[in-house]
Amino acid sequence: MKKLLVRTIAAVALSASLATPALAHRQWMLPSATTFSGDDVWVTVDAAVSNDLFYFEHRPLRLDNVKAWAPDGSEVPLEHQSTAQYRSTFDVHLVQKGTYRIGSANDMLMGSYVLNGKTERLPRGTTKETLAKAIPAGATNVQTSESTNRNELYVTVGEPTAAIFKPASKGIELVPVTHPNDLVAGEAATFQFLLDGKPAADLPVTVIPGGIRYRDQLNQMDLKTGADGKVSITWPAAGMYWVNVTTPRPARGNAEEGKASAPTAMPARRASYVTTLEVMAP
Amino acid sequence: MQLSHHIILTGAALGATGALTAPAGAQTIDLTVNIPRLKVAEYHRPYVAIWLEPAGGTARTLSVWYDYDMKDNEGTKWLRDVRQWWRASGRGMKFPADGISGATRAPGPQKISFTAGRGAIGKLAPGQYTLVVEAAREVGGRELVRLPFAWPPKPGQTVSAAGKAELGAVSLSFRK
């Protein structure tokens, strides 16, 4: 029994160190609405990590890196923040007219080096800036993989505007061809995705309608960006949709547990993008 | 009823719309919107938007009936629930809108007239148009009725359509 426990702990430790945490779980933010009228407008947002969309039943999404930007590009505060067992919530006071951006972009640097014949992992929290310090003298075979994970929402008061889509040229970003707050069931919407500021060709785009609990099929749409980074999505019905764009993951199927995550199998640049889009009824 | 529609016209709007009397022989569109009497536990008069879509052109809002007189302009919060109108025209407007904003109306036949060349309807070039009436009710449903017509209209011409839930019969007639 004790032996089993030790083995279990070892397995847990191993899986915790895998480079793709929470692969099975989806992180998401869900706004109370995305289209607003009126003079004193607030949006309230739930943020969580869970399997099913959009049900908070696993972990809250940490708000540490979440920010909000007004239509004029200025940063505005997240108000009434709270992180509970299964979800975080916050409000944004939408004082200006136009489109706001709410979200986070997290950069991570993972990797390994060989010192005295032994492979060591870079410590958690290593960044490009601290990389030099993290590698001891005499280390060889340094491998790194940089990832940027972006999770964003867009909400509009009055007429949609585009100023907040000015790319930061880091990670995966959405550039509207169709404005993401102008989506209607039965219509096709086109978005362009950039990776580090350049059109991101051939990236897998996953679209899943919310309300998973109340149907048998996931109804997932698996799409791909074209050479120009553009993807067209025809919305089958009104509702909230989870959209995820990622750089392709290395195949994991036939490798042995643990080996699949070896840094050598990791591409040097990885990025992911998540948004929740609201599609209106016609 | 006309009084409530025009009640928030300001001096500036009067100046902008020019002479209040129509030029001789100006074509007038009379619209009747039947707001159904509904047996529901909680009834609120619907928000109603009336707009004109020139074929291939930009939608023009003619009239919006909503809670325009609430404190701090709070009634505008639900304008977006008149969702097709909001997308077609409303979201680009400021409220209250002179000559357009009006109070919500009670169940029954509600009449409103528009005179070509005057106010929000503006001048109408010959061509195809659709007048759209959309109603959205607090704790209730939403419905939209479309009335297509050609301009200039034939004498005595009428156009009618009817909703099923939130709007009753809606009709247009034309007079000089």
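Below is a summary of the structure that appears in this document. The model shown is predicted, which means the values in this text are computed figures rather than measured ones. (Residues numbered from 1 in each chain as written. Chains lettered and ligands numbered in written order. Predicted model: local features only at pLDDT ≥ 70, side-chain atom pairs only at ≥ 80, totals over all residues. Heavy atoms only, no water.)

### Digging into the overall build of chain A
For step 1, the next point in the chain: Of the regular secondary structure elements, chain A holds 2 helices and 19 strands.
For step 2, the next point in the chain: Across the 282 residues that make up chain A, the buried fraction comes to 46%.
For step 3, the next point in the chain: Summing over all exposed atoms, chain A offers an accessible surface of approximately 14,300 Å²; the carbon and sulfur share of this is 53%. (Helix = DSSP H or I, 4+ residues; strand = E, 2+ residues; numbered from the N terminus. Buried < 20%, exposed > 50% of the residue type's maximum accessible area, 1.4 Å probe, protein only. Areas by Shrake-Rupley, 256 points an atom, 1.4 Å probe, with all protein chains shown as cover.)

### Considering unusual backbone geometry
For step 1, the next point in the chain: Cis peptide bonds are those with omega within 30 degrees of zero, and the linkage from Leu53 of chain A to Phe54 of chain A qualifies with -5°.
For step 2, the next point in the chain: Of note, Phe54 of chain A is situated in the loop between β3 (41-50) and β4 (59-60).
For step 3, the next point in the chain: Residue Pro152 of chain B is reached from Trp151 of chain B by a cis peptide bond, and omega for that bond is 0°.
For step 4, the next point in the chain: When you line up the elements, Pro152 of chain B lands in the loop between β7 (142-151) and β8 (158-162).
For step 5, the next point in the chain: Despite not being glycine, Asn116 of chain A shows a phi value in the positive range, around 50°.
For step 6, the next point in the chain: Mapped onto the secondary structure, Asn116 of chain A falls in the loop between β9 (98-115) and β10 (118-121).

### With respect to the interface of chain A and chain B
For step 1, the next point in the chain: Of the residues lining the interface, 15 residues belong to chain A; the matching set on chain B comes to 14 residues.
For step 2, the next point in the chain: Note on chain A versus chain B: buried area summed over both sides is about 1,200 Å², and carbon and sulfur give 41% of it.
For step 3, the next point in the chain: Summed over the shared surface of chain A and chain B, the number is 4 salt bridges.
For step 4, the next point in the chain: In this structure, Asp182 of chain A and Arg91 of chain B form a salt bridge, with 3.1 Å as the shortest nitrogen-oxygen distance. (Contact = heavy atoms within 4.5 Å. Buried area = accessible area lost by both parts, 1.4 Å probe. Salt bridge = Lys/Arg side-chain N within 4 Å of Asp/Glu carboxyl O.)

### Quick word on the sheet that holds strand β9 (residues 169-175) of chain B
All names here are of chain B.
For step 1, the next point in the chain: Taken together, the 4 strands give an open sheet; going across it, the order is β5-β1-β9-β8, and neighbouring strands pair in antiparallel fashion. One side of each edge strand has no neighbouring strand; the edge strands of this open sheet are β5 (108-115) and β8. On average, each strand axis in the sheet is tilted by 15° relative to the strand beside it, whichever way the strands run.
For step 2, the next point in the chain: In this sheet, β5 lies alongside strand β1 (residues 28-35) in antiparallel orientation, the contact comprising 8 bridges. Counted as the bridge partner of Asp30 is Ser113 from β5. (Pairing = 2+ DSSP bridges. Axes fitted to C-alpha atoms, helices over the stretch in contact; angles between N-to-C directions.)

### Considering the nonpolar core
For step 1, the next point in the chain: Counting residues in each nonpolar core, the largest one holds 27 residues, and the members touching the most others are Leu31, Ile50, Leu131, Val133, Phe149 and Leu172 of chain B.
For step 2, the next point in the chain: Of all the elements in the fold, those that place two or more residues in this core are β1, β2 (47-54), β3 (60-65), β5, β6 (127-136), β7 and β9 of chain B.
For step 3, the next point in the chain: Discounting chain neighbours no more than four positions away, the residues touching Leu172 of chain B are Ile29, Asp30, Leu31, Leu131, Leu147, Phe149, Gln157, Thr158 and Val159 of chain B.
For step 4, the next point in the chain: Ranked by size, the runner-up nonpolar core spans 26 residues in total, among them Tyr154, Leu174, Phe191 and Ala271 of chain A. (Core = buried A, V, L, I, M, F, W, Y, C linked by side-chain atoms within 4.5 Å.)

### Section: the packing of aromatic side chains
For step 1, the next point in the chain: By the definition in use, this model includes 15 aromatic pairs over all chains.
For step 2, the next point in the chain: Summarising the aromatic geometry, the rings of Tyr55 of chain A and Tyr214 of chain A are spaced 6.0 Å apart at their centres and angled 85° between planes, so their arrangement reads as edge-to-face. Pair noted here: Tyr55 of chain A is in the loop between β3 and β4 and Tyr214 of chain A is in the loop between β15 (204-209) and β16 (221-224), with a separation of 159 residues, a long-range link.
For step 3, the next point in the chain: Take Tyr214 of chain A: its relative accessible area is 63%, and that puts it in the exposed class.
For step 4, the next point in the chain: The rings of Tyr47, Tyr66, Tyr68, Trp85, Trp86 and Phe95 of chain B are connected pair by pair, giving a single aromatic cluster.
For step 5, the next point in the chain: Over the face of the ring belonging to Trp242 of chain A we find Arg26 of chain A, whose NZ or CZ atom lies 5.7 Å from the ring centre.
For step 6, the next point in the chain: Across the ring face of Phe56 of chain A, the terminal group of Arg87 of chain A is positioned such that the distance to the ring centre comes to 4.3 Å. (Phe/Tyr/Trp six-rings, centres within 6.5 Å; stacked < 30°, edge-to-face > 60°. Lys NZ or Arg CZ within 6 Å of the ring centre and 35° of its normal.)

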